[in-house]
Amino acid sequence: MHKPILTLLICILCLTVSQAQKKLPKNKSLIKQSVEKHQANLIEISDAIWASAETAFEEHNSSKLLADYVEKNGFTVERGVAGMPTAFVATFGSGRPIISVLGEFDALPGISQKAQPTKEAVHEGSPGHGCGHNLFGTASLGAAIAIKELMVQGKIKGTIKFLGTPSEEKYFGKIWMVREGLWDDVDVNISWHPSDEIKADVQSSLALVDYKIEFFGQAAHASGDPWNGRSASDALELYTTGINYYREHVKPTVRMHYHIQDGGQVVNVVPDYTKLWMRVRDSKRAGLMPVYERTMEMVKGAAIMANVDYKITLISGIYEVLVNRTGGEIMQQNLELLGPIEYTDEEIAFGKKIQEVTGKPQVGMDSKINLLKETKEHPGGGSTDVGDVSWNVPNINLSVTTAPKDTPWHSWAVVACGGMSIGHKGMLYASNAMAMTMLDLFENQKLIDKIKTEYVERKGNEVYKAIIPDGPPPIPNSK
Ligand SMILES: [Zn+2]
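Colleague: How should the overall build of the protein chain be read in this particular structure?
Modeller: The helix and strand inventory of the protein chain stands at 13 helices and 13 strands. The C-alpha radius of gyration computed for the protein chain amounts to 25 Å, which stays within 12% of the reference 23 Å derived for 479 residues, consistent with globular compactness. Dimensions of the protein chain, computed from C-alpha atoms along their principal axes, come out at roughly 105 × 50 × 45 Å. Restricting the contact set of the protein chain to residue pairs at least 6 apart, pairs at least 24 apart contribute 82%. Accessible surface for the protein chain amounts to roughly 21100 Å². Of this, 53% is attributable to carbon and sulfur atoms. Distance from the positive charge centre (50 side chains) to the negative charge centre (56 side chains) of the protein chain: 5 Å.

If you want it as structure tokens, here you go:
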């Protein structure tokens with residue numbers, strides 16, 4: 001064959017193959033159409049949650065925005081579940097399989113920020129969405145609606161649940177929703193999180209426990225008659241000193257943090273009251289418990305030395321995430337189908353400016369599709385109450401780029417991106433990836449069975465026992 005003609009034929013063939021690879025199966029293209037149809041509303045909702053920036057258990061407007069929209073789209077919504085006014089369960093369809101998707105929406109205190117690449121608060125000291133939960137809840141809303149629309153069109157059968165899960169940043173709302181049994185009948189749960197990269201997330205997180213310590217002493221004039229005082233402040237200092245010595249003798253997977261919430265009021269009084277918030281973490285709950293117990297023993301020691309009384313109050317605790325690689329592989333295939341996110345020159349410049357201001361390499365956005373990584377036995381990083389959900393139902397997790405590479409998380413820079421098109425693009429991408437993964441499950445019961453088999457194997461003989469105080473969740477001003 002004549003060489004130029006051969007080259008032409010090969011080129012046409014290559015083009016056809018690459019187009020065929022990008023062509024989505026019918027139902028997946030319907031998902032994309034659904035997300036596109038709702039896009040303007042989803043962005044509006046996300047921006048309204050971003051602007052509200054409501055913190056732990058105060059997310060009344062944010063929760064309502066999500067619940068109202070999903071209700072308007074035909075879901076049955078039960079609000080105020082598990083004793084939390086801002087938690088809700090939205091359900092559509094009937095019978096099996098039952099697939100759920102999580103939506104978080106709480107903000108972080110003190111990091112108010114405009115949607116611009118340099119640090120400037122909207123309202124100084126006010127909360128901001130430094131973890132991108134405005135995108136989190138709204139992307140899940142979009143995914144749930146896309147699945148519902150396929151059900152209405154008779155393409156798939158079963159039940160889709162969208163769970164509004166409050167207070168991820170402080171008290172871990174999901175543990176009360178687990179206690180309420182809200183995932184008991186669910187086959188597989190889907191979750192995602194805003195990130196600086198795109199991946200089917202097959203890494204675990206750290207288990208943790210939070211508790212409050214109070215010391216009660218005897219007030220006295222700090223100079224006049226200090227010998228009549230018993231200092232709650234001394235106890236606090238002795239305790240934190242003990243913790244800091246103890247750090248040398250814990251495994252490298254352990255983390256301990258404390259936040260002094262009341263260290264006494266004035267310099268000329270021996271303080272009769274101090275309070276601190278103590279947090280212990282480890283990569284496994286089993287490793288966490290002995291360290292937790294030891295740090296509580298140390299409270300007694302500090303109280304004896306300072307001759308004061310003490311009180312320990314459990315706040316809550318969470319498990320590490322139980323990974324499901326079978327689910328991760330299904331998510332991975334959908335990421336490869338969707339391909340990377342494309343950014344405009346303005347968005348890349350926005351990202352680079354943030355990197356410049358925060359002292360990171362100015363590499364811009366990272367939206368390539370990462371390969372599925374090995375699951376680490378002892379991951380680093382943070383904690384999430386998705387952990388508790390994952391010990392009660394198989395869970396598939398996703399990370400999507402919503403901020404430039406290496407953005408300091410829980411900071412103004414994440415808030416900035418979550419209120420503009422970089423965040424919006426990641427959010428809509430997450431809606432598509434999660435809905436497509438859910439679709440695979442609705443269409444193929446064998447995948448669900450395989451996910452469940454891995455879940456049972458990984459869980460082994462471990463019996464889930466929440467680290468949770470008796471009684472209702474700690475809703476502010478509820479008593
Ligand atoms: Zn988060």
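Having seen the model, we can carry on.
Colleague: Which parts of the structure should I look at to understand the nonpolar core?
Modeller: Soluble, globular proteins show a tendency: their nonpolar side chains are buried together. Core analysis: the largest hydrophobic core is formed by 104 residues, its most contacted members being Trp 183 and Met 434. The residues touching Trp 183, leaving out its near neighbours within four places in the chain, are Ser 100, Leu 102, Leu 163, Thr 165, Lys 174, Met 177, Val 178, Asn 189, Val 389, Asn 392 and Val 393. Counting 27 residues, the second-largest nonpolar core is a separate cluster that includes Ile 213, Tyr 246, Val 254 and Val 291.

Colleague: Looking at this structure, how should I read unusual backbone geometry?
Modeller: Among all residues except glycine, the phi angle is most often negative; among peptide bonds, the trans geometry is most common. A cis amide bond links Arg 96 with the next residue in sequence, Pro 97, at an omega value of -5 degrees. The backbone phi angle of Ala 82 is positive, close to 55 degrees, even though this residue is not glycine. Within the secondary structure layout, Ala 82 lies in the loop between β1 (76-79) and β2 (88-93). Owing to a relative accessible area of 8%, Ala 82 belongs among the buried residues under this scheme.

Colleague: Would you explain the sheet that holds strand β11 (residues 273-282) in this entry?
Modeller: Strand pairing in a sheet is mediated by backbone hydrogen bonds. Such pairs are either parallel or antiparallel. Strand order in the open sheet formed by four strands is β9-β11-β7-β12, with antiparallel pairing between adjacent strands. Looking at the sheet topology across the chains shown, the edges are occupied by β9 (255-262) and β12 (309-318). Here the strands of the sheet are splayed against their neighbours by 20 degrees on average, with no regard to which way each runs. The pairing of β9 with β11 spans seven bridges and is classified as antiparallel. Bridge assignment links Arg 255 to a residue of β11, and that residue is Arg 281. The sheet contacts of helix α6 (residues 232-246) involve β7 (207-216), β9 and β11, and relative to β11 the element is tilted by about 15 degrees.

Colleague: Could you clarify how one ought to interpret the coordination of the zinc ion in this entry?
Modeller: As a benchmark, a tetrahedral metal site with four donors has ideal angles of 109.5 degrees, while an octahedral site with six donors has ideal angles of 90 or 180 degrees. For the zinc ion, every protein donor is listed as Cys 131 (SG), His 133 (NE2) and His 193 (NE2), and the spread of their distances is 2.0 to 2.2 Å. Counting residues between consecutive donors of the zinc ion along the chain gives the motif C-x1-H-x59-H. On the criterion of sequence distance, the pair formed by His 133 in helix α4 (residues 133-152) and His 193 in strand β5 (residues 188-195) is long-range, its members being 60 residues apart. The exposure class assigned to His 133 is buried, which follows from its relative accessible area of 0%.

Colleague: I tried to follow empty space enclosed by the protein on my own but got confused; where do I start?
Modeller: Any empty space left between the atoms is revealed when a probe the size of a water molecule rolls over them. For the structure shown, the criterion picks out one cavity of 30 Å³ or more. The volume enclosed by the largest cavity comes to roughly 70 Å³. Lining the largest cavity are Asp 201, Val 202, Gln 203, Val 321, Leu 322, Val 323, Asn 324, Gly 328, Asn 395, Ile 396 and Asn 397. When residues of the lining of the largest cavity are assigned to their parent elements, the largest contribution, three residues, is made by strand β13 (residues 395-401).

Colleague: When you look at the environment of Ala 87 in this model, what are you seeing that I'm missing?
Modeller: Tracing the chain through its elements places Ala 87 in the loop between β1 and β2. Placed 90 residues apart in sequence, Ala 87 and Met 177 show a C-alpha to C-alpha distance of 8.3 Å. Leave out the neighbours within four places in its chain, and Ala 87 touches Glu 78, Arg 79, Gly 80, Val 81, Gly 164, Pro 166 and Met 177.

Colleague: Where do I start with the layout of surface pockets in this structure?
Modeller: Taken as a whole, the largest pocket encloses approximately 1500 Å³ of empty space. Along its surface, the largest pocket is lined by 48 residues, and Cys 131, Gly 381, Gly 382, Ser 383 and His 410 are the ones closest to its centre. Secondary structure elements with two or more residues in the lining of the largest pocket: β5, β9, β11 and β13. When residues of the lining of the largest pocket are assigned to their parent elements, the largest contribution, five residues, is made by β5.

Colleague: Mind showing me how you'd approach the side chain of Asn 189 here?
Modeller: Residue placement: Asn 189 occurs in strand β5. Polar side-chain contacts of Asn 189 include one of 3.3 Å to the side chain of Trp 183.

Colleague: For this particular structure, what's the right way to read the pattern of salt bridges?
Modeller: Any two side chains of opposite charge can pair if their charged atoms end up close together. In this structure the tally under the stated criterion is 21 salt bridges. Lys 114 is the partner of Glu 120 in a salt bridge, and the nearest nitrogen-oxygen pair spans 2.9 Å. Given a relative accessible area of 30%, Lys 114 falls into the partly exposed group. Lys 161 is the partner of Asp 185 in a salt bridge, and the nearest nitrogen-oxygen pair spans 3.9 Å. Taken together, the positions of Asp 185 in the loop between α5 (174-179) and β5 and Lys 161 in strand β4 (residues 159-164) put the pair 24 residues apart, joining distant regions of the chain. Since its relative accessible area comes to 31%, Asp 185 is described here as partly exposed.

Colleague: What exactly am I supposed to notice about the sheet that holds β13 here?
Modeller: If you walk across this open sheet you meet the seven strands as β1-β2-β4-β3-β5-β13-β6, and the pairing is mixed. Of all strands in the sheet, those bounded by a partner on one side alone are β1 and β6 (199-200). In the sheet, strand β3 (residues 98-103) pairs with β4 via six bridges, with the strands oriented parallel. The residue of β4 that forms the bridge with Leu 102 is Leu 163.

So, how was this worked out
Residues numbered from 1 in each chain as written. Predicted model: local features only at pLDDT ≥ 70, side-chain atom pairs only at ≥ 80, totals over all residues. Heavy atoms only, no water. Helix = DSSP H or I, 4+ residues; strand = E, 2+ residues; numbered from the N terminus. Rg over C-alpha atoms; globule rule 2.2 N^0.38 Å. Contact = heavy atoms within 4.5 Å. Areas by Shrake-Rupley, 256 points an atom, 1.4 Å probe, with all protein chains shown as cover. Lys, Arg positive; Asp, Glu negative; His and termini not counted. Charge placed at Lys NZ, Arg CZ, Asp CG, Glu CD. Core = buried A, V, L, I, M, F, W, Y, C linked by side-chain atoms within 4.5 Å. Buried < 20%, exposed > 50% of the residue type's maximum accessible area, 1.4 Å probe, protein only. Pairing = 2+ DSSP bridges. Axes fitted to C-alpha atoms, helices over the stretch in contact; angles between N-to-C directions. Donors = N, O, S within 2.8 Å, 3.2 Å for Na, K, Ca; no water. 1 Å grid on protein atoms, 1.4 Å probe; cavity = no way out; pocket = protein on both sides within 12 Å on 5 of 7 lines; lining within 4 Å. Points joined across faces, edges and corners; volume = space filled by probe spheres on them. Polar contact = N/O pair within 3.5 Å; in protein donor to acceptor, adjacent residues only side chain to side chain. Salt bridge = Lys/Arg side-chain N within 4 Å of Asp/Glu carboxyl O.

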